[in-house]
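So you can see what is in the structure, the chains are spelled out below.
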Amino acid sequence: MSDMQTTKQLSGDMLSPSSQHTEIPLGASEDNSASSANNNDLSPWNLSNIQKLNVGELYSEQTKSLRPWTEFFHTNQFKKPASIKAAGRRLLLNVEHFRTNYIIVAVILSIYCVITSPALLFVLLAMGAGCYLVTLKNRDSQLSIMGHQIPTSQQYIAVMCLCVPLLLMVGAGSAIFWILGASVFVILLHALFHQTPNQEAFGVQMEEA
């Protein structure tokens, strides 16, 4: 009898670990896969999230932050900063206050640079026409090559890649550097010498402190 009891006890000890390992929820793997999918969807650089960006809301937000041009070009508000510390503070405040105006200034400089470069303008128009043709082509049916459908986004990228050598040939690199240099120069000059809104509210003493 003692031998039989010992045998049953050993068999019970051998079966107990296996029973513990089998107590795994059936939906655990599904939950893990679902959570990983949710994490991928929450990624800020996910293509679907980028496509969901509301351009109208972004435009309305920038429009609300647009300052009057009379305030932007008010000649009585231009004054040399009292010190380097005051210049840095004024620069930060003005960039935040006039950010939409500065964006418009950069866009105007970009348009001026493109208009004064006929070859660059021609290549940009050709690239725009190519993207428009891609849109028309995919309106009814998507383009397919050897039975494989090509997404519209990849077609746009292909058109832009084909235009890159032409852009380099017509001097797009120098135009970009000119736009960046001119924009930074104009913005810094205005932001450094235009008195900040805080100075208007609290007086010149704050700027000179």
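Predicted, not measured: the structure shown is a model, and the values here were computed from it.

What follows is about the overall build of the protein chain. For the protein chain, the helix and strand inventory stands at 12 helices and 2 strands. Going from the N terminus to the C terminus, the protein chain shows its helices and strands as α-α-α-α-α-α-α-α-β-β-α-α-α-α. Looking at the protein chain residue by residue over its 209 residues, the buried ones come to 20%. A separation of at least 24 residues holds for 75% of the contacts in the protein chain among residues at least 6 apart in sequence. Carbon and sulfur atoms make up 68% of the accessible area of the protein chain, which totals about 15500 Å².

Let us look at the UniProt feature "transmembrane region" (unreviewed entry) in the protein chain. Per the UniProt record, "transmembrane region" (unreviewed entry) is annotated on residues 102-135 and 156-189. Helix makes up 94% of residues 102-135 and strand makes up 0%, while its end C-alpha atoms are separated by 32 Å. Measuring from the first to the last C-alpha atom of residues 156-189 gives 38 Å, for a span that is 94% helix and 0% strand.

This next bit is on the pattern of salt bridges. Overall, the coordinates contain 1 salt bridge when judged by the stated rule. Where Arg99 meets Glu96, a salt bridge forms, and the shortest distance between an N and an O atom there is 3.1 Å. The exposure class of Arg99 is partly exposed, given its relative accessible area of 29%.

Per-residue confidence for the protein chain gives a mean pLDDT of 75; residues scoring 70 or more make up 67%. Note that residues 26-48 has pLDDT below 50 and, in this model, 8 contacts with residues that lie over four places away or in other chains.

Right, let's talk about the side chain of Gln155 for a bit. With respect to the helices and strands, the residue Gln155 is situated in helix H9 (residues 152-169). Among the residues examined, Gln155 registers a relative accessible area of 9% and is labelled buried. If sequence neighbours within four positions are ignored, Gln155 has contacts with Val134, Asn138, Gln142, Leu143 and Ile150.

Within the structure shown, the criterion is met by 7 aromatic pairs. Considering the side-chain rings of Phe72 and Phe73, the 4.9 Å spacing of their centres and the 85° angle between planes classify their relative orientation as edge-to-face. Here Tyr112 and Trp178 contribute two aromatic rings whose centre-to-centre distance is 6.0 Å and whose plane-to-plane angle is 35°, an arrangement assigned as tilted. Of this pair, Tyr112 sits in helix H7 (residues 99-115) while Trp178 sits in helix H10 (residues 172-193), placing them 66 residues apart in sequence. Linked through ring pairs, Trp69, Phe72, Phe73, Phe98 and Tyr102 together constitute an aromatic cluster.

This part is about the state of the cysteines. Using the criterion set out here, one finds 0 disulfides in the structure. The thiol of Cys131 is unpaired, and the distance to the nearest cysteine sulfur, on Cys163, comes to 7.4 Å. Take Cys131: its relative accessible area is 16%, and that puts it in the buried class.

Before going further, it helps to examine H9. For H9, spanning 18 residues, the distance from its first C-alpha to its last is 27 Å, which sits close to the expected 26 Å at 1.5 Å a residue. Of all the bends in H9, the greatest reaches close to 30° and is centred on Cys163; the proline Pro165 follows between one and four positions later. Of all the residues in H9, the buried ones are Gln155, Val159, Cys163 and Leu167. Packing partners of the buried residues in H9 comprise helix H8 (118-140) and H10. One or two residues past the end of H9 sits Gly171, with phi positive at roughly 85°.

Okay, a nonpolar patch on the surface next. On the surface, Phe78, Phe185, Val186, Leu189 and Phe193 cluster together into a nonpolar patch covering about 440 Å² of accessible area. Here Phe78 lies in the loop between helix H5 (69-72) and helix H6 (84-97). For Phe78, a relative accessible area of 33% corresponds to the partly exposed category.

Definitions and limits used
- Residues numbered from 1 in each chain as written.
- Predicted model: local features only at pLDDT ≥ 70, side-chain atom pairs only at ≥ 80, totals over all residues.
- Heavy atoms only, no water.
- Helix = DSSP H or I, 4+ residues; strand = E, 2+ residues; numbered from the N terminus.
- Buried < 20%, exposed > 50% of the residue type's maximum accessible area, 1.4 Å probe, protein only.
- Contact = heavy atoms within 4.5 Å.
- Areas by Shrake-Rupley, 256 points an atom, 1.4 Å probe, with all protein chains shown as cover.
- UniProt positions renumbered as here; feature names shortened; annotations may be inferred.
- Salt bridge = Lys/Arg side-chain N within 4 Å of Asp/Glu carboxyl O.
- pLDDT = per-residue confidence, 0-100.
- Phe/Tyr/Trp six-rings, centres within 6.5 Å; stacked < 30°, edge-to-face > 60°.
- Disulfide = S-S within 2.5 Å.
- Expected span 1.5 Å × (residues − 1).
- Bend = angle between axes of the 7 residues up to and from the residue.
- Patch = residues over 30% accessible without salt bridge, like charges linked within 9 Å, V, L, I, M, F, W, Y side chains within 5 Å.

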